[in-house]
Amino acid sequence: MTADVSHIPFEYLYALDAVMPLLAKNGYKTVLCNSQELLSELNMRLESVENRAVGGASLWIEPQADDWQAQLSHFSTLITSGNTLLIIASRPLARLLPERRLWQGNPLGLQPGGIRQLKKRLPLSGFRLEAEHGIHTLLSTGINSFSTVLGKAQLPSLFDRLYFAARLTYRASGWLSSLSTVSLIEATAL
Amino acid sequence: MSELTNSPIDNALVLLEAWLETMRCPGGYGGPVAHWWQQSLLYTGPGLDWRYEGIILGYLLLWKNTGQAQWLEKACRAGNDLLQGQLKSKNFKASSFERNPAIAGTPHEAACDIGLLSLALALGEIDQPKYVICAEQNIKEFLIEKLWDEQSRSFCDNIAKNTFVPNKAATICEALFLLAEVTGESRWVDYYALPTLNRILQYQCGKEQGRLEGAVAQNSIDNQMVLKYFPLYNARCVTALLKGYRWSGQARFLDSAIKIMRFITSWSFGEGSFPTVVYSNGTTNTAPNWIAALGDILRANAELATFGADFKMDGSLQRLLNGQDDTGGIQTASGFARQAGRNRLNLPDVRDVLHVAGWCDKAFRFLAGYVSKAPLPEATSGTFEVACVLKGQVLKVVETPEFLEVKNRQSQIRYRWQKGKMWPMVAEAEFWLK
């Protein structure tokens, strides 16, 4: 457990951890973080990872509504064929997270259809979409809410079992991924 | 004169120590973490968390019991990890165990302080100040500054000061007893530790609660008690209460410690295991069922025995020793796969068979107290392979001194951690487990 006061919703930390093996494996090429609030957590994780001039995966955090196309085309010129672009972006459901209400910027992913627009644009910019993960899915939120009710109803053993079930559905791919607070997209440069 | 022979504990201990060495990485002891609350299978770098309590105390016990300087050197090496990993905020890097690499972990930073202060006490005046300063700064600037609640006269578990977790507060108390001993200043105990211990007593079940008598509730949020009772965490209260008794002579602390152990042993299963949780309605949860962590229950019991309260735990010691495999590491648990449903495949979960530095330290510390007089044998960490399951998928885990690898039935690598590295080289999505 932690008494830390970083106030970063867990799904963002989870997404950062999830991309680290890919960034650490061959070193990273470029990291672009548009979210001031995630910078210290990102830097803490990148401390031990090599920055490479050639090859390596790249990471793009929280594309912004006003300049995402320009940033994407910048990535398309930087990333050479066969290398990976990882994108972490909020989804509209992230608006419900109280900790991020005061965050600055105008994330593309918070807008309805924002992630869909980005995914559509990927092939046009020379990327192939490899995978998309939804983190903190609506399903896990629902199970957690139900478990809280059971906890209040003095059914603690059921509460725990549902809590564990919620953990198993915390990340999803496929259609369930769109009903989540954070999206993690993996694309390869063609 | 008959030749001294090694005991099974000697053999288990040196093998465990050999495994522990394979977990060294730049900055400390690394490796993935499996836990009840959460997993940290992705961050595998050094964790400056409660593993340092057991590692430092274990090496100090080995040094004391064998007189061999190499063990003191390793205790100092671990202490130096903490010195080098202390941040400007006086917190420690990656101090949150299952939430690593987060900082400000509870009770982890207090447990690190216990390690540092015990090391300082063992060293006497030579080289002592740096470890004391490191621990004292963490205690003052984090534990007291951020977690002490003047109103309730106790250590809370968050900055909002609306949660209280007895076992974590107990760990802080243990650090404060040591700080008082090192500095000769009783205020650390009188002002902070004893009032906190008094609050812990308020969380203990009385006679009217039948089989729960003696159990300490897990925590409270906004003064609303969460009526779950974790035997492992209860055991971690015992050692602090005994220190409170030793310091103050107040019998209620000893009485409370005895009641806790009576509660724990009364829920023991035949093979020496305990439920992970006993709920207020008398039901239990054994998913997971700890193995390496039994070291802390055994240690609390052994300490209590010095006060004349002797509860038999031979089955638990055997379960602990049986949990050791060819790597020398002791497995984490059994039953993780049953957490959210049935385990139809009847194979261990990957998390069961993981060797976790922050669980094995507990076994290490306990076993180090019981080495025989015979010279310790040499040991080498070996290779371990086992079929297991994760989220319903059959996998094979292989651990060697160099790596930990998990493959599926098609021999595709799903997870691979090269020991010494901060992150696994491969971690497919099923390993992003919360």
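Everything quoted here is computed from the prediction, not taken from an experiment. (Residues numbered from 1 in each chain as written. Chains lettered and ligands numbered in written order. Predicted model: local features only at pLDDT ≥ 70, side-chain atom pairs only at ≥ 80, totals over all residues.)

Student: What am I meant to see in the overall build of chain A here?
Tutor: The helix and strand tally for chain A stands at six helices and six strands. Counted from the first residue to the last, chain A has its helices and strands arranged as α-β-α-β-α-β-α-β-α-α-β-β. Against the 2.2 N^0.38 benchmark of 16 Å for 190 residues, chain A shows a C-alpha radius of gyration of 17 Å, consistent with a compact globule. Each principal axis of the C-alpha distribution contributes one length, and for chain A these read about 60 × 35 × 30 Å. In chain A, which comprises 190 residues, the share counted as buried stands at 42%. Sequence-distant contacts in chain A: of pairs separated by 6 or more residues, those separated by 24 or more amount to 80%. (Helix = DSSP H or I, 4+ residues; strand = E, 2+ residues; numbered from the N terminus. Rg over C-alpha atoms; globule rule 2.2 N^0.38 Å. Buried ≥ 20, exposed ≤ 12 C-beta atoms within 10 Å, placed from the backbone. Contact = placed C-beta atoms within 7 Å.)

Student: I keep staring at the interface of chain A and chain B and nothing clicks. Help me out?
Tutor: Accessible area lost on assembly of the parts is the figure often given for the size of an interface. Taken together, the contacts link 26 residues of chain A with 35 residues of chain B. Those elements that provide at least two residues to the side of chain A that touches chain B are helix 1 (10-26), helix 2 (39-46) and helix 6 (156-168) of chain A. Here the element with the most residues in the side of chain A that touches chain B is helix 6 of chain A; it accounts for eight residues. Of the residues contributing to the side of chain A that touches chain B, the split by class is 14 nonpolar, four polar and eight charged. (Nonpolar A, V, L, I, M, F, W, Y, C, P; charged D, E, K, R; others polar.)

Student: Explain the pairing of strand 14 (residues 393-399) of chain B here, please?
Tutor: Consecutive side chains along a regular strand alternate between the two faces of the sheet. Residue and element names in this part refer to chain B. Here strand 13 (residues 384-390) pairs with strand 14 via seven bridges, running antiparallel. When the bridges of strand 14 are listed, Glu-385 appears paired with Val-398. Counting the residues between successive antiparallel strands, the hairpin from strand 13 to strand 14 contains two residues, one of them, Lys-391, with a positive phi of roughly 50 degrees. Bridging between strand 14 and strand 15 (residues 403-408) involves five bridges; their strand directions are antiparallel. Bridge pairing in strand 15 places Glu-399 opposite Leu-404. (Pairing = 2+ DSSP bridges.)

Student: Can you help me understand the environment of Tyr-29 of chain B in this one?
Tutor: Residues and elements named next belong to chain B. For Tyr-29, the location among the structural elements is in strand 2 (residues 28-29). Classification of Tyr-29 by C-beta neighbours within 10 Å gives buried; the count is 24. Not counting residues within four places of it along the chain, the set of residues in contact with Tyr-29 comprises Leu-20, Met-23, Arg-24, Pro-46, Gly-47, Arg-51, Ile-55 and Ala-357.

Student: Which parts of the structure should I look at to understand the pairing of strand 1 (residues 28-33) of chain A?
Tutor: All names here are of chain A. Here strand 1 pairs with strand 2 (residues 57-61) via four bridges, running parallel. Bridge pairing in strand 2 places Tyr-28 opposite Ala-57. Note that the unit made of strand 1, helix 2 and strand 2 has a crossover that is left-handed. (Right-handed = clockwise from strand over helix to strand, strands pointing away.)

Student: Teacher, can you tell me more about the sheet that holds strand 9 (residues 277-279) of chain B here?
Tutor: To summarise the sheet geometry, strands pair through backbone hydrogen bonds and adopt either a parallel or an antiparallel arrangement. Residues and elements named next belong to chain B. Taken in spatial order, the three strands line up as 8-9-10 in an open sheet, and their pairing is antiparallel. The strands lining the two open edges of the sheet, one partner per strand, are strand 8 (228-229) and strand 10 (284-285). For strand 8 and strand 9, the ladder comprises two bridges, and the chain directions are antiparallel. Counterpart to Lys-228 in the pairing with strand 9 is Tyr-279.

Student: Explanation requested: the sheet that holds strand 3 (residues 84-90) of chain A in the structure shown.
Tutor: Residues and elements named next belong to chain A. The six strands lie next to each other as 1-2-3-6-4-5, forming an open sheet whose pairing is mixed. A strand with exactly one partner marks an edge of an open sheet, and here the two such strands are strand 1 and strand 5 (171-173). Between one strand axis and the next, the sheet turns by 20 degrees as a mean value, whatever way the strands run. Examined bridge by bridge, strand 2 and strand 3 share four bridges and lie parallel to one another. The partner of Ile-61 across the bridge, within strand 3, is Ile-88. Along the sheet face, helix 3 (residues 68-78) touches strand 1, strand 2 and strand 3 and points at about 175 degrees away from the line of strand 2. Across the sheet, helix 5 (residues 138-152) touches strand 4 (127-137) and strand 6 (180-189), and the angle it forms with strand 4 is around 10 degrees. (Axes fitted to C-alpha atoms, helices over the stretch in contact; angles between N-to-C directions.)

Student: It is not clear to me how the packing of helix 6 (residues 166-183) of chain B against helix 8 (residues 231-248) of chain B should be interpreted in this structure. Could you clarify?
Tutor: Between two packed helices, the angle of one axis relative to the other and the distance separating the axes together describe the packing. All names here are of chain B. Following both chains from N to C, one finds helix 6 and helix 8 inclined at 35 degrees, their axes separated by 8 Å at the closest point. In this structure, the crossing between helix 6 and helix 8 has a hand that is left-handed. From helix 6, Pro-166, Asn-167, Ala-170, Thr-171, Cys-173, Glu-174 and Phe-177 reach across to helix 8, where they touch Tyr-233, Arg-236, Cys-237, Thr-239, Ala-240, Lys-243 and Trp-247. Residues of the contact of helix 6 with helix 8, tallied by class, amount to eight nonpolar, three polar and three charged. (Left-handed = near helix turned anticlockwise from the far one by under 90°.)

Student: Which parts of the structure should I look at to understand the confidence of the model for chain B?
Tutor: Low pLDDT means the predicted coordinates in that region are not meant to be read closely. When pLDDT is averaged across chain B, the result is 96; 99% of the residues are at 70 or more. Scored as a whole, the predicted complex attains pTM 0.96, and scored at its interfaces, ipTM 0.94. (pLDDT = per-residue confidence, 0-100.)

Student: I would appreciate a short explanation of the packing of helix 10 (residues 294-305) of chain B against helix 13 (residues 357-368) of chain B in the present structure.
Tutor: Residues and elements named next belong to chain B. Where helix 10 contacts helix 13, the two axes come as close as 7 Å, and the packing angle between them is 35 degrees. For the pair helix 10 and helix 13, the sense of crossing is left-handed. Across the interface between the two elements, Gly-295, Asp-296, Leu-298 and Arg-299 of helix 10 pack against Lys-362, Ala-363, Arg-365 and Phe-366 of helix 13. Its residues assigned to classes, the contact of helix 10 with helix 13 comprises three nonpolar, one polar and four charged.

Student: Whenever I open this one, the nonpolar core confuses me. Can you help?
Tutor: If you look at soluble globular proteins, the nonpolar side chains tend to sit buried side by side. Judged by nonpolar contacts, the single largest core of 188 residues is most densely connected at Val-19 of chain A together with Leu-16 and Leu-176 of chain B. Top contributing element to this core by residue count: helix 6 of chain B, with 11 residues. Apart from residues no more than four positions distant in its own chain, Leu-176 of chain B is found in contact with Trp-188, Val-189, Tyr-192 and Ala-193 of chain B. (Core = buried A, V, L, I, M, F, W, Y, C linked by C-beta atoms within 7 Å.)

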